[in-house]
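The lines below spell out each chain.
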Amino acid sequence: TPEAVAAAWRTQGVRFEDFAPPMPRMAAETGRHLETAWLDLLAWRTQYLNDRMEDQIRAVAEVYPGRIGFKFSVGEYDAHQGTHAAELARRCADLGRIVLHMTNGHSIADLKYCGGLARTYGAAGWVTENDGMRYSRTELAKIALTTLLSGVDEFNFAHHVHLLNM
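Quantities reported herein were computed from a predicted structural model and do not represent experimental measurements.

A. Geometry of the packing of aromatic side chains. Here the structure, examined in full by the defined rule, presents one aromatic pair. Centre to centre, the rings of Trp44 and Tyr48 are 5.5 Å apart; their planes meet at 20°, and the pair counts as stacked. Residue Trp44 and its partner Tyr48 are located together in helix H2 (residues 36–63), separated by four residues, close to a single helical turn. Assessed through its relative accessible area of 42%, Tyr48 is described here as partly exposed.

B. Quick look at the environment of Gly96. Considering the arrangement of structural elements, one finds Gly96 in the loop between helix H3 (85–91) and strand E2 (98–103). Taking the C-alpha atoms as reference points, Gly96 and Ala124, 28 residues apart in sequence, are found 6.4 Å from one another.

C. Structural context of the pattern of salt bridges. Under the definition given, this model contains six salt bridges. Between Asp51 and Arg91 there is a salt bridge, with its nearest N and O atoms 2.8 Å apart. Taken together, the residues Asp51 in helix H2 and Arg91 in helix H3 connect sequence positions 40 residues apart. When salt bridges that share partners are traced, they join Asp51, Glu54, Arg58, Glu87, Arg90, Arg91 and Asp94 into one network.

Scoring rules and cut-offs
Residues numbered from 1 in each chain as written. Predicted model: local features only at pLDDT ≥ 70, side-chain atom pairs only at ≥ 80, totals over all residues. Heavy atoms only, no water. Phe/Tyr/Trp six-rings, centres within 6.5 Å; stacked < 30°, edge-to-face > 60°. Helix = DSSP H or I, 4+ residues; strand = E, 2+ residues; numbered from the N terminus. Buried < 20%, exposed > 50% of the residue type's maximum accessible area, 1.4 Å probe, protein only. Salt bridge = Lys/Arg side-chain N within 4 Å of Asp/Glu carboxyl O.

Dropping the structure here:
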């Protein structure tokens, strides 16, 4: 109801036309968020996205007997842009056949995070990928070696043709 929205967002309006979502406001000297309602909205959005993703994963699991993966971006594990990957992996651990698919995974820290996440929640596997568009042949070789040494189950190299064209 409009009244419930007004109470949650600490506003006075009672018509939907009177509402606007909270906006970020940051302290110039620290760069920290000052607006609690904005942070509450981001927390709610992350929770909502995880709820939705879990529902979808479980719906697929009811009709598909194979491994089920979900893809997430490096650096967005807890970001306001997306889902909380660790929380989603924890929620779906009971399925026992989740595959974590990490995009742009090539730094040691990213690989350690994803590998640890897979081990902690018993993922059936994990995949990392790299598009290779912005790296030299030497850099691509380092990425491939780092990825293989990390123990990744699969490496999805989206633009492997670049290895041949350099």
